[in-house]
Every structure is written in structure tokens, then in C-alpha cells.
Amino acid sequence: DGETPRELARLLTDRGWGASRLTALEHLGASDQALLEGEAATWSYPRTRDLVTLAIEPVPDPGTVVLSRVPGLPDHAFEHDGMLTKHAVRAATLAALAPQPGELLWDVGAGNGSVAIEWLRAVPDTHAIAIERDPERMARLARNADTLGCPDLTRVLGTAPMALSGLAAPDAVFIGGGLSAPGVWEVCWQALRPGGRLVANAVTLEGEAVITRHARLPGAELTRIATARAVAVGPHLGWKPAMPITQIRVVKP
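Just so it is clear, the structure is predicted and the values come from calculations on it, not from any experiment. Each chain carries its own residue numbering, running from 1 in the direction its sequence is written. Where local features are concerned, this predicted model is filtered to residues with pLDDT of at least 70; where side-chain atom pairs are given and counted, the filter is 80 or more; whole-chain, interface and lining totals use all residues. Neither water nor hydrogens contribute to the side-chain values; these are computed over all heavy atoms in the structure.

Student: Whenever I open this one, the overall build of the protein chain confuses me. Can you help?
Tutor: Numbering goes from the N terminus for both helices and strands, where a helix is a DSSP run of H or I of at least four residues and a strand is a run of E of at least two. The secondary structure content of the protein chain amounts to 6 helices and 12 strands. Considering only C-alpha atoms, the protein chain reaches an extent of 70 × 55 × 30 Å along its principal axes. Classification of residues uses two cut-offs on accessible area relative to the type maximum, computed with a 1.4 Å probe and protein chains only: under 20% is buried, over 50% is exposed, and between them is partly exposed. Looking at the protein chain residue by residue over its 253 residues, the buried ones come to 40%. A sequence separation of at least 24 residues applies to 62% of the contacts in the protein chain between residues at least 6 apart. Accessible surface is estimated by sampling points in the Shrake-Rupley manner with a 1.4 Å probe; for residues, cover comes only from the protein chains shown. Roughly 13300 Å² of accessible area belongs to the protein chain as shown, and the carbon and sulfur atoms make up 57% of that amount. Looking at charge distribution, the protein chain has the averaged site of its 24 positive side-chain charges lying 7 Å from that of its 28 negative ones. Residues count as neighbours in contact if any of their non-hydrogen atoms are within 4.5 Å of one another. His is not counted, nor are the chain ends, whereas Lys and Arg count as positive and Asp and Glu as negative. Just so you know, the charge point we use is NZ for Lys, CZ for Arg, CG for Asp and CD for Glu.

Right, dumping it as C-alpha cells:
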């Protein structure tokens, strides 16, 4: 309605896009049609008429970081409590999941939602369901999805495998949390559509044990991902390794 242009101008300004150009087209095709223009940060119209079409030319403010749609967003792009698939591992995980238009992802043990959100950002017309048992993380996940442009991310609060019952069959599954819980792998594999991809990351010995049990599945691919960051060591720099990740990718026949 007529409040929309002002609300969008405020939203753009709050997100660091106040320099964006807005054009509001009122009552197009009618005898009283009108055109209103301005920048988001200085939008001066309290209200337009209710039948309005709004065009936005996005322009970032100085200092605003423009985030790429290529997977592997910086970790600080997400609000998190440390339970986050780190950006280098996340990029490798999205490559293994290989999203395609129209496909549905189950992100099991979604944590703060980084993998599901990057799946949705990477390819248009994809869908994702994030399953997470912790209410605080689920609330954080919802804020991340909103901030990063994925408000349609479906959220299921509950513990796998029970929380997976009745969900639409996925084209891809990522198990990031709860891999060692009894029945999680089996339920995900059974629900996966033919040709779908199951990807799981393990950092614990218990998670690796599950991956090892399924390593002989036809077409299973195992990858060991080890990363290190340069940190200060006195006046010098040295490498600080992260915990290694064991990843399995299996395509369902």
C-alpha cells in the first residue's frame, strides 16, 4: 500500500543502502498517474497512493560491504555462537551439494543456518528446510535468513530424526549436526530422492565412525579438509590450524 515506499526506504537506509534511488509510480495508466523520485536516505514522501509500483536502483553507501552470491561468505556475515560451518569448509560443502534450480535441501542440525542460507543464495528458485533443536540458534538462524535475503527458508524446531517425519522429500541433504545420533543417516538416506546428494561433515570421532560405516556405498567420496589461518606470533606470523573435517558425499542411485 502507500506505506511501502517509505518502509522500503527506511529498510534500505538501515542496511547501508541509503544511496539507492527509488522511483514510485502511482496509479499507472489512470488520469491521475504520478511519478515520485528520491534517494532512500532522504525519501521525503510520508505516503503514496495505495496503487503504487516501486522501482529500486540499488546503490551501496560508502563502506557498505556488498556480499557475493558465490558460496563461502565471510563468517562475520552471520550472527553465530561459534557453531558455524566456517567459510572455506562451507564453500566446499556447497560445491558438494551442487544446488540446481527447483531443488530442495534438508539442512539437518542447521545451527545458525549458514549452509541452508548459502544454498538459497547460490542458485535462484531453490528451497531449503533447516532443522535445528536449539531454540536460541533457531532464532539466530531466522535473523540470519532475513538479513541475508532468504526469508522463505523453512524452519523446523526439533531433534532429528523425529523432526524429519512428514517433510517433503529432499533433492539434497546436509548433515552438519547430530550425525552420530541413532537413525539420522538412515532416515535422511531413505527420504532422499533418486539422484540426490547426501553430504555430511564430521569433526568428532563419533561422526567419523558414522562416515566410515558408509564409506563403501557405491560412489561414496571421502574428503579430508584441513585449513589454517595466519595469526600473530609475537612480531611474526604463524599458521594456526583448524580442526580437520572429514566429509562424505554420496549420490543416491
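Student: Please clarify how the packing of aromatic side chains should be interpreted in this entry.
Tutor: Remark: the centre distance and the inter-plane angle together describe each pair of aromatic rings, the angle taken between the planes. Aromatic contacts are taken between Phe, Tyr and Trp rings whose centres are within 6.5 Å, Trp giving its six-membered ring; a plane angle under 30 degrees counts as stacked, one over 60 as edge-to-face, and the others as tilted. For the structure on display, the rule yields 1 aromatic pair. Where Trp43 meets Tyr45, the ring centres are 4.9 Å apart and the plane angle is 65°; that geometry is what we call edge-to-face. Whether a charge lies above a ring is judged from NZ of Lys or CZ of Arg, which has to be within 6 Å of the ring centre and within 35 degrees of the ring normal. If you follow Lys252 out to its NZ or CZ, it ends over the ring of Trp189, 5.9 Å from the centre.

Student: What is the right way to look at the nonpolar core in this model?
Tutor: Generally speaking, nonpolar side chains in soluble globular proteins are found buried as a group. By nonpolar core is meant a set of buried Ala, Val, Leu, Ile, Met, Phe, Trp, Tyr and Cys residues that side-chain atoms within 4.5 Å join together. Counting 25 residues, the largest nonpolar core has Phe78, Leu97, Leu105, Ile117, Trp119, Ala128 and Leu153 as the members making the most contacts within it. A total of 5 residues in this core trace back to one element, the largest contributor, which is helix 3 (residues 114-122). If near-sequence neighbours (up to four positions away) are discounted, Leu105 is found in contact with Leu97, Val115, Ala116, Trp119, His127, Ala128, Ile129, Ala172, Val173 and Phe174. Counting 24 residues, the second largest nonpolar core, distinct from the first, contains Ile129, Ala200, Val210 and Ile248.

Student: I'm lost on the packing of helix 2 (residues 87-97) against helix 3 in this one. Help?
Tutor: Each packed pair of helices is defined by two parameters, the angle between the axes and the distance between the axes. Running from N to C, helix 2 and helix 3 cross one another at 55°; their axes reach a closest spacing of 10 Å. Put simply, helix 2 runs oblique to helix 3. In the crossing of helix 2 with helix 3, the sense of the turn from one axis to the other is right-handed. On helix 3, the residues touching Arg90, Thr93, Leu94 and Leu97 of helix 2 are Ser114, Val115, Glu118 and Trp119. Of the residues belonging to the contact of helix 2 with helix 3, the class tally is 4 nonpolar, 2 polar and 2 charged. Axes here refer to lines fitted to C-alpha atoms; in helices the fit is confined to the stretch in contact. Angles between the N-to-C directions go from 0 to 180 degrees. Roughly parallel means an angle under 35 degrees; roughly antiparallel, over 145; roughly perpendicular, 65 to 115; everything else is oblique. Two helices cross in a left-handed way if the nearer one is turned anticlockwise from the farther one by less than a right angle. They cross in a right-handed way if the turn is clockwise. Each residue gets one of three labels, nonpolar for Ala, Val, Leu, Ile, Met, Phe, Trp, Tyr, Cys and Pro, charged for Asp, Glu, Lys and Arg, and polar for the others, Gly among them.

Student: Which parts of the structure should I look at to understand the pattern of salt bridges?
Tutor: Close approach of charged atoms allows side chains with opposite charge to pair. A side-chain nitrogen of Lys or Arg and a carboxyl oxygen of Asp or Glu constitute a salt bridge if their distance falls within 4 Å. What the rule picks out here adds up to 17 salt bridges. Arg90 is paired through a salt bridge with Asp75; the nearest N and O atoms lie 2.8 Å apart. With Arg90 in helix 2 and Asp75 in the loop between strand 3 (52-57) and helix 2, this pair connects stretches of sequence that are 15 residues apart. Like Asp75, Arg90 is buried.

Student: Help me understand the sheet that holds strand 6 (residues 154-157), please; the structure alone is not making it clear to me.
Tutor: Hydrogen bonds between backbone atoms are what pair the strands of a sheet, whose relative direction is either parallel or antiparallel. Think of it this way: DSSP has to see at least two bridges between two strands before they count as a pair. Overall, mixed pairing links the 7 strands, which are arranged 6-5-4-7-8-12-9 in an open sheet. This sheet does not close on itself; its edge strands, each paired only once, are strand 6 and strand 9 (221-225). The mean angle between the axes of side-by-side strands here comes to 15°, regardless of whether they run parallel or antiparallel. Sheet analysis places strand 4 (residues 104-108) next to strand 5 (residues 127-132), joined by 5 bridges and oriented parallel. Each bridged residue has a counterpart across the sheet, and for Val108 the counterpart in strand 5 is Ile131.

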